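For reference, the chains in residue letters:
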Amino acid sequence: MNLHNTSRAVGSRPEELVPSRYALKVGEIDVLVISDGVLPLPTAMLAHNAAPRVRAAWLDNMFLPPDAFDWALNAVLVRSGGKTILIDAGLGSDPDLHLPRAGQLIRRLDAAGIDLASVTDVVLTHMHMDHVGGLLVDGVKERLRPDLQIHVAAAEVKFWESPDFTQTNMPQGFPDALRAAAKRFTKEYHNHLRQFDEVHEVAPGVVVRRTGGHTPGHSVVRLTSGADALTFAGDAVFTVGFDHPDWHNGFEHDPEEAARVRVRLLRELAETGEMLVATHMPFPSVGRVAVDGDAFRFVPIFWDY
Ligand SMILES: [Zn+2]
């Protein structure tokens with residue numbers, strides 16, 4: 001049986017074979033991690049500053065194919081203090097880039113019984129297409145509230161007025177697609193933008209903080225309630241970043257700074273034992289961080305259903 005075909009065939013029904021959502025509580029805060037699907041990307045994107053031989057050895061050790069593999073793409077829905085907050089919006093539809101297995105978020109929110117009109121706030125870790133694209137899908141804006149607030153770092157909005165791709169290393173077509181998506185997003189949603197400089201509390205215990213690095217306005221979201229805490233790290237951390245925090249990801253606009261941000265965040269999380277979720281780590285990507293010599297180790301939480 002081909003599972004892909006099966007899950008596509010039932011796509012119009014309320015439930016998929018695999019629901020692709022994972023619920024947990026952070027104290028009083030409800031958290032739902034939702035997969036937007038996967039993005040097949042060339043493995044060179046993982047580390048354009050690593051020797052191909054070393055990169056190939058890492059992939060082999062991880063039982064991953066040498067040329068391309070599927071990156072996860074996760075978004076998070078949070079309920080706190082009467083607010084319903086969507087953190088990032090997935091890829092949406094991308095006729096030019098041919099990534100049909102991503103862009104599932106809106107359909108999966110519907111399947112989870114989450115009405116788009118109930119979303120009071122959106123927080124964007126940054127304005128790359130795989131984080132804003134879901135908001136650009138036909139018919140989505142009309143289903144969102146007229147008073148929706150979209151929280152994004154002012155530095156991010158500014159960056160995309162004239163974005164610098166000189167230090168990135170992306171597959172062909174991506175820089176143009178990313179430019180176009182950010183431009184369209186700003187145009188369609190400028191009335192909803194609620195820009196912040198460094199740190200901003202969106203709801204009780206939901207704090208977004210600019211880190212920079214991946215993009216100048218890249219931000220992470222920390223949820224805290226009682227003794228519990230969880231950080232949604234956006235694109236500050238990738239799977240490979242535990243073994244090789246200094247490897248430069250092709251999508252990082254300032255890779256040196258992105259590596260510093262990554263190491264600082266992983267050290268912090270290792271010290272506090274707080275939970276981590278990241279956009280491109282395998283779903284549901286909920287776990288903790290341990291120090292492992294000069295590097296780090298991801299420790300998934302135990303599934304408790
Ligand atoms: Zn991303």
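Scroll up to find the structure.
Conventions and cut-offs
- Residues numbered from 1 in each chain as written.
- Predicted model: local features only at pLDDT ≥ 70, side-chain atom pairs only at ≥ 80, totals over all residues.
- Heavy atoms only, no water.
- Helix = DSSP H or I, 4+ residues; strand = E, 2+ residues; numbered from the N terminus.
- Rg over C-alpha atoms; globule rule 2.2 N^0.38 Å.
- Buried < 20%, exposed > 50% of the residue type's maximum accessible area, 1.4 Å probe, protein only.
- Contact = heavy atoms within 4.5 Å.
- Expected span 1.5 Å × (residues − 1).
- Arc of directions from axis to C-beta.
- Donors = N, O, S within 2.8 Å, 3.2 Å for Na, K, Ca; no water.
- Tetrahedral: all angles 85-135°; square planar, octahedral: opposite > 155°, others 65-115°.
- Pairing = 2+ DSSP bridges.
- Axes fitted to C-alpha atoms, helices over the stretch in contact; angles between N-to-C directions.
- Phe/Tyr/Trp six-rings, centres within 6.5 Å; stacked < 30°, edge-to-face > 60°.
- Lys NZ or Arg CZ within 6 Å of the ring centre and 35° of its normal.
- Salt bridge = Lys/Arg side-chain N within 4 Å of Asp/Glu carboxyl O.
- Polar contact = N/O pair within 3.5 Å; in protein donor to acceptor, adjacent residues only side chain to side chain.

Visitor: Please provide a residue-by-residue account of the overall build of the chain, values included.
Guide: Secondary structure summary: the chain contains nine helices and 14 strands in total. Rg of the C-alpha trace for the chain: 18 Å, near the compact-globule value of 19 Å for 305 residues, within the 12% margin. With the principal axes as the frame, the chain shows a C-alpha extent of 50 × 45 × 45 Å. Residues classed as buried in the chain amount to 53% of the 305 residues present. Of the contacts formed within the chain by residues at least 6 apart in sequence, a portion of 71% connects residues at least 24 apart.

Visitor: Quick one: what's the story with helix α7 (residues 174-189), residue by residue and with numbers?
Guide: With 16 residues, α7 should reach 22 Å at 1.5 Å per residue; the first-to-last C-alpha distance of 22 Å fits that figure. Among the residues of α7, Phe 174, Ala 177, Leu 178, Ala 181, Ala 182, Phe 185 and Tyr 189 are the ones counted as buried. Projected onto a plane normal to the axis of α7, the buried residues spread over an arc of 130° and lie on a single side. Projecting away from the buried face of α7 at angles above 90 degrees are the exposed residues Asp 176, Lys 183 and Lys 187.

Visitor: Any details on the coordination of the zinc ion? Residues and values, ideally.
Guide: For a metal bound by four donors in tetrahedral geometry, the ideal donor-metal-donor angle is 109.5 degrees, whereas six donors in octahedral geometry ideally sit at 90 or 180 degrees. For the zinc ion, the full set of protein donor atoms is Asp 130 (OD), His 131 (NE2), Asp 235 (OD) and His 280 (NE2), at a range of 2.1 to 2.2 Å. The coordination sphere of the zinc ion comprises four donor atoms, whose angles at the metal cover 85 to 166°; the geometry is irregular. Mapped onto the polypeptide sequence, the residues donating to the zinc ion form the spacing pattern D-H-x103-D-x44-H. Taken as a pair, Asp 130 in helix α4 (residues 129-132) and Asp 235 in the loop between β11 (228-232) and α8 (240-243) lie far apart in primary sequence, 105 residues in all.

Visitor: Give me unusual backbone geometry: which residues, what numbers.
Guide: Residues Phe 283 and Pro 284 are joined by a peptide bond in cis, for which omega reads 0°. In the Ramachandran plot, Ser 285 falls in the positive-phi region, its phi being about 65° despite a non-glycine side chain. Tracing the backbone shows Ser 285 in the loop between β12 (275-277) and β13 (287-292). When its relative accessible area of 3% is taken as the criterion, Ser 285 is described as buried.

Visitor: So, the sheet that holds strand β4 (residues 83-87): which residues are in play, and what are the values?
Guide: Spatially, the seven strands line up as an open sheet ordered β1-β2-β3-β4-β5-β6-β7, and their pairing is mixed. At either end of the open sheet lies a strand with only one pairing partner, and these are β1 (21-26) and β7 (193-196). Geometrically, the sheet is characterised by an average inter-axis angle of 25° between neighbouring strands, direction not taken into account. Sheet topology note: the β1/strand β2 (residues 29-42) ladder contains six bridges and is antiparallel. Pairing of Tyr 22 across the sheet is with Val 33, part of β2.

Visitor: Before we move on, could you go through the packing of aromatic side chains and cite the residues and values that matter?
Guide: For any pair of aromatic rings, the description rests on two quantities: the centre-to-centre distance and the angle between the ring planes. All told, the structure shown has seven aromatic pairs when counted by the stated rule. Summarising the aromatic geometry, the rings of Phe 242 and Phe 298 are spaced 5.5 Å apart at their centres and angled 55° between planes, so their arrangement reads as tilted. Taken as a pair, Phe 242 in helix α8 and Phe 298 in strand β14 (residues 295-300) lie far apart in primary sequence, 56 residues in all. Through successive ring pairs, a cluster of aromatic residues spans Trp 71, Phe 174, Phe 238 and Phe 251. One cation-aromatic arrangement involves Lys 141 over Tyr 189; the distance from NZ or CZ to the ring centre is 5.5 Å.

Visitor: Provide a residue-level description of the pattern of salt bridges, including the pertinent values.
Guide: Pairing between side chains becomes possible if they bear opposite charge and their charged atoms approach one another. In this structure the tally under the stated criterion is 13 salt bridges. Its salt-bridge partner being Glu 161, residue Lys 158 comes within 3.6 Å of it at the nearest N-O pair. On the accessibility criterion, Glu 161 (59% relative accessible area) is exposed.

Visitor: Describe the environment of Asp 304, with residues and values.
Guide: Positionally, Asp 304 belongs in the segment after β14. Between the C-alpha atoms of Asp 304 and Ala 23, which are 281 residues apart in sequence, the distance is 9.9 Å.

Visitor: Which residues make up the pairing of strand β10 (residues 219-225), and what are the values?
Guide: For β10, a buried count of five out of seven residues is recorded, marking the element as mostly surrounded by other parts of the structure. In this sheet, β10 lies alongside strand β9 (residues 206-210) in antiparallel orientation, the contact comprising five bridges. Opposite Val 206, over in β10, you have Leu 223 as the bridge partner. Relative to β11, β10 runs antiparallel, the two being bridged by five bridges. Of the residues in β11, the one forming a bridge with Thr 224 is Ala 229. Remark: two residues form the turn of the hairpin made by β10 and β11, two consecutive strands paired antiparallel; Gly 226 in that turn has positive phi of roughly 60°.

Visitor: Tell me what's going on with the side chain of His 151, and back it up with residues and numbers.
Guide: Examined against the element boundaries, His 151 turns out to sit in strand β6 (residues 149-153). There is a polar contact of 3.0 Å between the side chain of His 151 and the side chain of His 200. Those residues in contact with His 151 that sit more than four places away from it in its chain are Asp 121, Val 122, Val 123, Leu 124, Arg 194, Phe 196, His 200 and Val 202.

Visitor: So what's going on with the pairing of β2? Residues and values would help.
Guide: Counting buried positions over the 14 residues of β2 gives 10, a clear majority of the element. Count of turn residues in the β1/β2 antiparallel hairpin: two residues, of which Gly 27 carries a positive phi of about 60°. The pairing of β2 with strand β3 (residues 68-80) spans 12 bridges and is antiparallel. Counted as the bridge partner of Leu 39 is Trp 71 from β3.

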